[in-house]
Amino acid sequence: MNYISMNVVTLLYLVASVCFIQALKGLSSPSSARMGNTFGMAGMAIAVATTIALIFKMQAEFAASDAARTGGGMGFPLVLLGVVVGGAIGAYAAKKVEMTKMPELVAAMHSLIGLAAVCIAVAAVSEPWAFNIAERGGALPFGNRLELFIGTFVGAVTFSGSVIAFGKLSGKYKFRLFQGAPVRFKGQHILNLVIAIALIALGLVFCFSDAVEPAWTPFVIMAALSFILGVLIIIPIGGADMPVVVSMLNSYSGWAAAGIGFSLNNSMLIIAGSLVGSSGAILSYIMCKAMNRSFFNVILGGFGGEATAAAGGAQEQRPVKSGSAEDAAFILQNAESVIIVPGYGLAVARAQHSVKELVDKLTEHGVNVRYAIHPVAGRMPGHMNVLLAEAEVPYDQVAEMEDINGEFGQTDVVLVLGANDVVNPAAKDPKSPIAGMPILEAYKAKSIIVNKRSMASGYAGLDNDLFYMPNTMMVFGDAKKVIESMVKAVE
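Because the structure is predicted, anything quoted here is derived from the model rather than measured. (Residues numbered from 1 in each chain as written. Predicted model: local features only at pLDDT ≥ 70, side-chain atom pairs only at ≥ 80, totals over all residues. Heavy atoms only, no water.)

Caption draft 1: Focus on the environment of A139. Within the secondary structure layout, A139 lies in the loop between α4 (102-126) and α5 (142-170). Given a relative accessible area of 29%, A139 falls into the partly exposed group. With 75 residues separating them in the primary sequence, A139 and P214 have C-alpha atoms 7.5 Å apart. (Helix = DSSP H or I, 4+ residues; strand = E, 2+ residues; numbered from the N terminus. Buried < 20%, exposed > 50% of the residue type's maximum accessible area, 1.4 Å probe, protein only.)

Caption draft 2: Main features of the pairing of strand β1 (residues 337-342). Counting buried positions along β1 gives 6 out of 6 residues, so the element sits mostly inside the fold. Burial along β1 is two-sided: the face carrying S337, I339 and V341 and the face carrying V338, I340 and P342 are both buried. Bridge count between β1 and strand β2 (residues 368-373): 4 bridges; the pairing is parallel. Along β2, the bridge assignment pairs I339 with R370. (Pairing = 2+ DSSP bridges.)

Caption draft 3: Region of the structure containing unusual backbone geometry. Positive phi values are uncommon outside glycine, yet R350 reaches one of about 50°. Inspection of the secondary structure puts R350 in the loop between α13 (344-349) and α14 (352-364). Accessibility expressed as a relative area gives 35% for R350, which makes it partly exposed. The phi dihedral of E392 is positive, around 60°, even though this residue is not glycine. Along the chain, E392 falls in the loop between α15 (383-390) and β3 (398-400). Since its relative accessible area comes to 65%, E392 is described here as exposed.

Caption draft 4: Looking closely at the pairing of strand β6 (residues 472-476). In terms of burial, β6 is a largely internal element, 4 of the 5 residues being buried. Pairing of strand β5 (residues 447-452) with β6, which is carried by 5 bridges, proceeds in the parallel orientation. Within β6, the residue paired with N451 across the bridge is V475.

Caption draft 5: A look at helix α9 (residues 267-290). Over its 24 residues, α9 extends 34 Å from the first C-alpha to the last, a length consistent with the 34 Å expected when each residue adds 1.5 Å. For α9, the complete set of buried residues consists of M268, I270, G273, L275, G277, G280, S284, M287, C288 and A290. Where α9 begins, the side chain of N266 points an oxygen toward the backbone nitrogen of M268, at a separation of 2.9 Å. Of the residues one or two after α9, N292 is the one with positive phi, at around 55°. (Expected span 1.5 Å × (residues − 1). Polar contact = N/O pair within 3.5 Å; in protein donor to acceptor, adjacent residues only side chain to side chain.)

Caption draft 6: Looking closely at the pattern of salt bridges. Across all of its chains, the model carries 7 salt bridges by this definition. For the salt bridge of R370 with E407, the shortest nitrogen-to-oxygen distance reads 2.9 Å. Taken together, the positions of R370 in strand β2 and E407 in the loop between α16 (401-404) and β4 (413-417) put the pair 37 residues apart, joining distant regions of the chain. Ionic pairing is found between E441 and K428, a salt bridge with its closest N-O pair at 3.2 Å. On the criterion of sequence distance, the pair formed by E441 in the loop between β4 and β5 and K428 in the loop between β4 and β5 is long-range, its members being 13 residues apart. Through salt bridges with shared partners, a single network forms among K428, E441 and K444. (Salt bridge = Lys/Arg side-chain N within 4 Å of Asp/Glu carboxyl O.)

Given below as structure tokens:
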């Protein structure tokens, strides 16, 4: 029985690919993000349904041949089990995960994609005839060996690197490799280079092996070294660069999927993997540009490693001016224009709804209020935009750094909520470790109110000169509680 023709499979995969492209387009703007998510879900539903139909077709072909004795009939139950278990875990995670934990969730998902690529590659090397990439009893073609080598290498690096990134981002584990501080040792880069050369050599041995039986020894050693290399290239990177690393691993997972797609002659995997790979690479570039850092500087270093270490020591005690939430509310209420700069502290406190309420009260008093978003504010790009959208903040009140930086000089009050490095004037100092990093120029405002739990430094490990300026008032405490007190004072 012919369940579905290959022409129909190709057409449905093409439709799913178009949905994925529309999803990326929709997610580029908050106003169209909901529609983008709808396109993404529709595309994935079509891809999964088509794949299940294709499995039925393959089982029918197995049943009509000697291959039926290999256990091919287990294909559909295994896929169904994967859909049910994976879907349940995904639904639970989407419902329970907090926005502050989103980067960890993304890193965990990337690790699974990388591991899936490795598992598929192992299966394809073991039984290539089952994937229609070689005749039964025949050798793997050179092109497929090369694709499987690349897919395995990238997938293994993605898996182990994502596991380390997850541990560093979560901050829950005492294991040294999972701590936010960079892990460095003498000869680290040389070791990485030696492993990379060994990987290439083993890959060539595997690719040029023309025996019917696969060259398992170089393949297994190559996969093991790839897992090790994934750990070694991530552990020297500090917590400040983890958002860039997560984006980079996102790109890696896409390329791993695309590589396996070529081996399996699956257009859906090729297109979807290429979309993920290219979008992740573009996002990594945007983030590096926002921090005035090169991609290779991130991979080879960790954000100002020595600066971070120095910041951990004794720092010069400088006087700061502090005030209460009521003092801040009085200043805000009597201003004509206010710019709010949200940061990770706001996300941790889940204070976005309280901020929306404060802005509504200020607007009733005739105050013009806007939000300023830095490209890397929070833990990942778009983090602050999503939080504000969750609180139903109008899109026209939210401005990107390039659009609003010129307005700080004419603004009465800037309210900084839990942000640090993205408003640090030290970026204007050529001798600073963050010299040249684009920042929100909050220091130009007439008055500045900064809410933080303490005077602790940000991810870059640097003291913030903004906190010590004569026109800055510090309001210490949990962002949500402080904002709620401001709302009561304005009332």
